[in-house]
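Spelled out from the first residue to the last, the chains are:
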Amino acid sequence: MAQPLLQATAVAKAFGPVVALRAVDLSVAPGEVHALLGANGAGKSTLVKILTGVLRNDAGTVAVNGAEVELNSPTEARDKGLAPVYQDPAMIRDLTVEQNLRLTGADPARVRHELAGMDLDGLDLDEQVRDIPLPFLRMLDLARALAFDPQLLVLDEITAALPPDLSERVFAIMTRWKRRNRSVLFISHRLAEVREHCDMCTVLRDGRDVASFHPGREGGESQIVAAMLAEAGAQVRDVARERAARAEAEGERTPRLVVRDLLIDRQDAGVSFEVAAGEVLGLAALEGQGQDRLFEILSGNVRAAGGEILVDGRPLRARHPYDAIRRGVVLVPANRLLALLPQRPIRENIAIPLFNRIGRWGPINVGRERRQVRDAVERLSIDTRAAAQARRLSGGNQQKLTIGRWLAAGFRTLLLFDPTRGIDVGTKHQIYDLVRELADGGAAILMFTSELREIGLVCDRAAVLHNGAIVAEMPPTASESDLLTAAHGLEVTAV
Amino acid sequence: MSSTPRAVAATPLPRPSGRATRFRRRQGWVVGVALLLGVLIFWRYSQIPAFGPFEIRGIVAGTMTLALLAMAQSVIVISGGIDLSVGAMMVLANCIAARLMLEQDLGPVVLIALAVVAVAMVLSGLIGTIAVVSGVPDIVVTLAASFVLSGLALIVLDSPGGGTNPRFQQLLVGGFDEPLPATLWLAALLLLIWLPFKRSRLGIATYAVGSDRAAAFLSGVRVGRTRVIAYVLAGFFSGMAGIVTTAFTGSGEPRASIGATATLTSVAAVVLGGVALLGGSGTLLGPVLAAFCLSLIPALMLGLGWDPNYAEVARGIIIIVVVMIGGLVQIPRRSR
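Moving on: the environment of Ser 200 of chain B. The topology assignment puts Ser 200 of chain B in the loop between α7 (180-199) and α8 (201-211). Here the alpha-carbon distance between Ser 200 of chain B and Leu 296 of chain B, two residues 96 residues apart in the chain, equals 34 Å.

Listed below in structure tokens is the structure:
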């Protein structure tokens, strides 16, 4: 076999205690369009950042054309022939496009030439970046990368925000690059694109490469999905089946939170779903399908472009999280330190939302506050040894605290955004138990999760969000591969 | 290339913004401050019976120090930081210069001036390096540095004194009815130092670092080095401010309160001059014009026969009102 253009061997990277890459091998041949696949958090973006000099790997080697290279900065990576287009365009909003090009040392004439090749020569390079819509920024970023004439073009989810016609132009570039015997590393959640345009694919799971094969061959899609998921699902399904049966027995429940045609962005179709009291609705979605925004809207942080939210049958028009909280709708965001007061003690962290209830004016009733806080801490079994400052708590205890503070304040509808992100397995299960306990106590819970197995472990029902719309509703017994297939916007064939 | 293989709806290209919009966004604030300055100058002109070269020279030479400090502050703010030591740096440069220049000929005095500016650049670069390497926020490092520099100034010159060469004064700030030298010096610094810098890759990198450090890094900008260079350039301007003070007053004045007040006024000039405190936007011309506005206001109030204390209140109110109006005008641009 010919010498690979890019050969990464046993690349590893950890961020503190969180291991992003354990040991990844990746080999890209010249003239190959190579897809890098994996579920959320599998380590794709970390690998891309290592290959393009943004992050340093803790272990392992990267070789270009057989020679081992050190990639200490984006400039060095570019000099070695590796040019990236990142998920978020690396352009500075306050500068003009032309200034951005000069910053990286790209030749404006060549960029214009590349733009003309993509039929985009109408773009004005003297425009400020902030005035250019995102899809065109990506195309400009692509043109800038091409102007360096890289041996390996790295495209990190470039098609995610592109309309079909611009995506086609990207594919045309990929084909052209292949013909010139150069290579493309292509990351996309759209399996159809991968099947059609890629010669090889490498699937990552939990920071390892688990499979490498030709995605276009027969059954390639199911092979990808199988490789992306861990096998063990049987036990999960037992738990889920039990819960489904119990829900069946209870019959119809009254809806607590009803969302009708909610426009997350400016798209045509809205999001509609219901969550009943005592129910956990799991929301499954790939990254960037609008889940962040949906939660922000529901929690009163952002206003929706259209549609309706009903809480207990009455419309909720929140202008501020305060309004939503008063109606009992509370959010536990993914970024725990954002929700907490990191430098204040546990007691104050729990008591903050309480202030809404314990007397709005005048001094705070300290005795009552202390009692309610103590109840919450006990119920959650928060380890209080580091009670003086919330930021010193472990991730799991911080997460309990963010839930716990609402517990003390009293709530009826809980919005959980990826509550177990970056938490160890033991604490994860404590949180699952807590979520179930809260639901059984009558709370309505909407939980987005990036770990599909949690749908089976915790939820009563699953809704799949794709491109700002609910594309499927499934029972918790649905297999992970069905969920993943639906999350990719594909039809689920066998239910 | 023009025909895509499949029939898909073509996404329309974004419409380029018009020339007027572009001008308003990029130069609007400077034009606004220039208009404000025009109004203030006209007002002053109508207050004084004989408004001539003498008055103009008084305004320009008297404002030069603040204008230079505003330039120093702007460079740092554009690069995404803030420098609370520019005033102290100016005082230190003033004291060193006044002590060394006393009873010297023009030749040595010019050399001393250059050396003092060089020292200011090195010190400021050092401050910047500390901020970059330690990762301590600029505001903390420069505040601490301002105490160190104020102390050094007192060590150099323990009481007001020192002096300089009269011909050097003439050269830098002009005689009592010569407004040209001071004006030309300011214009030369803007045109010969700032403009080439702004247009260079380094200048663009400075804006980039102030606008979005992560994106600048991804674009291959060496963020730390760029920030240090911004501090060196700021040191140049605050060192110049110290030299100009020496030439204007003919002596050295080590009082720390002068530096502290000057620093705060420089921040006011930056804000009034349309440099966003968040970094990444603005230019040096705006703050220079704003510096003139800020130093005209007390004179105007004095002309009206107001108590000088009220003049300070008026100055504060004007800053708030102008920045508020500017903010309202710019809101459409900020919303995404």
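After presenting the structure, the write-up continues.
Turning our eyes to something else, we now look at the nonpolar core. Judged by nonpolar contacts, the single largest core of 250 residues is most densely connected at Leu 415, Ile 445, Val 464 and Leu 483 of chain A. For this core, the element with the most residues is helix α2 (residues 53-78) of chain B, which contributes 14 residues. Each of domain 1 (6-228) and domain 2 (234-487) of chain A gives at least three residues to this core. Those residues in contact with Ile 445 of chain A that lie beyond four places of it in its chain are Val 280, Leu 414, Leu 416, Val 435, Leu 438 and Ala 439 of chain A.

Another point: the confidence of the model for chain B. Residue and element names in this part refer to chain B. With 94% of its residues at a pLDDT of at least 70, chain B reaches an overall mean of 88. Low pLDDT, under 50, characterises residues 331-336; the stretch is placed with 1 contact to residues that sit more than four places away or in other chains. Our summary of model confidence lists the complex with pTM equal to 0.76 and ipTM equal to 0.79.

Before going further, it helps to spend a moment on the sheet that holds strand β18 (residues 444-449) of chain A. All names here are of chain A. The 6 strands are arranged β16-β17-β18-β13-β19-β20 in an open sheet whose pairing can be described as mixed. Lying at the two open borders of the sheet, with one neighbouring strand each, are β16 (329-332) and β20 (469-474). The sheet shows a mean angle of 20 degrees between the axes of neighbouring strands, taken without regard to direction. Helix α10 (residues 291-298) contacts β13 (280-284), β16, β17 (413-417), β18 and β19 (461-466) of the sheet and is inclined by roughly 155 degrees relative to β17. Along the sheet, helix α18 (residues 480-487) contacts β13, β19 and β20; its crossing angle with β19, the most-contacted strand, is approximately 30 degrees.

Residues and elements named next belong to chain A. Here 4 strands make up an open sheet; going across it, the order is β12-β11-β14-β15 and the pairing antiparallel. Only two strands of the sheet have a single partner each, and these edge strands are β12 (271-276) and β15 (314-315). Note that strand β14 (residues 306-311) and β15 share 2 bridges and pair antiparallel. The residue bridging Val 311 from the neighbouring strand is Arg 314, located in β15.

A few words now on the interface of chain B and chain A. On the side of chain A, 34 residues touch chain B, which itself brings 28 residues to the contact. Put simply, the parts of the chain that give the side of chain B that touches chain A at least two residues each are α8 and α9 (213-218) of chain B. No other element matches the 6 residues that α8 of chain B contributes to the side of chain B that touches chain A. Looking at side-chain class alone, the side of chain B that touches chain A contains 16 nonpolar, 9 polar and 3 charged residues.

Another point: the packing of α2 of chain B against helix α12 (residues 285-303) of chain B. When two helices pack together, you describe them by how their axes are tilted relative to each other and by the distance separating the axes. All names here are of chain B. It is at 8 Å that the axes of α2 and α12 come closest, and there the two elements cross at 135 degrees. In terms of axis orientation, α2 runs oblique to α12. Two packed elements cross with a definite hand, and for α2 against α12 that hand is right-handed. Counted together, Ile 59, Gly 62, Thr 63, Leu 66, Ala 67, Ala 70, Met 71 and Ser 74 of α2 and Pro 287, Val 288, Ala 290, Ala 291, Phe 292, Leu 294, Ser 295 and Leu 296 of α12 form the full contact between these two elements.

Moving on, we come to unusual backbone geometry. Its identity is not glycine, yet Asp 418 of chain A carries a phi of approximately 45 degrees, on the positive side. Non-glycine residue Glu 103 of chain B carries a positive phi angle of around 55 degrees. Given 9 C-beta atoms within a 10 Å radius, Glu 103 of chain B is considered exposed.

What counts as what
- Residues numbered from 1 in each chain as written.
- Chains lettered and ligands numbered in written order.
- Predicted model: local features only at pLDDT ≥ 70, side-chain atom pairs only at ≥ 80, totals over all residues.
- Helix = DSSP H or I, 4+ residues; strand = E, 2+ residues; numbered from the N terminus.
- Core = buried A, V, L, I, M, F, W, Y, C linked by C-beta atoms within 7 Å.
- Buried ≥ 20, exposed ≤ 12 C-beta atoms within 10 Å, placed from the backbone.
- Domains from an automatic or database assignment.
- Contact = placed C-beta atoms within 7 Å.
- pLDDT = per-residue confidence, 0-100.
- Pairing = 2+ DSSP bridges.
- Axes fitted to C-alpha atoms, helices over the stretch in contact; angles between N-to-C directions.
- Nonpolar A, V, L, I, M, F, W, Y, C, P; charged D, E, K, R; others polar.
- Parallel < 35°, antiparallel > 145°, perpendicular 65-115°, else oblique.
- Left-handed = near helix turned anticlockwise from the far one by under 90°.

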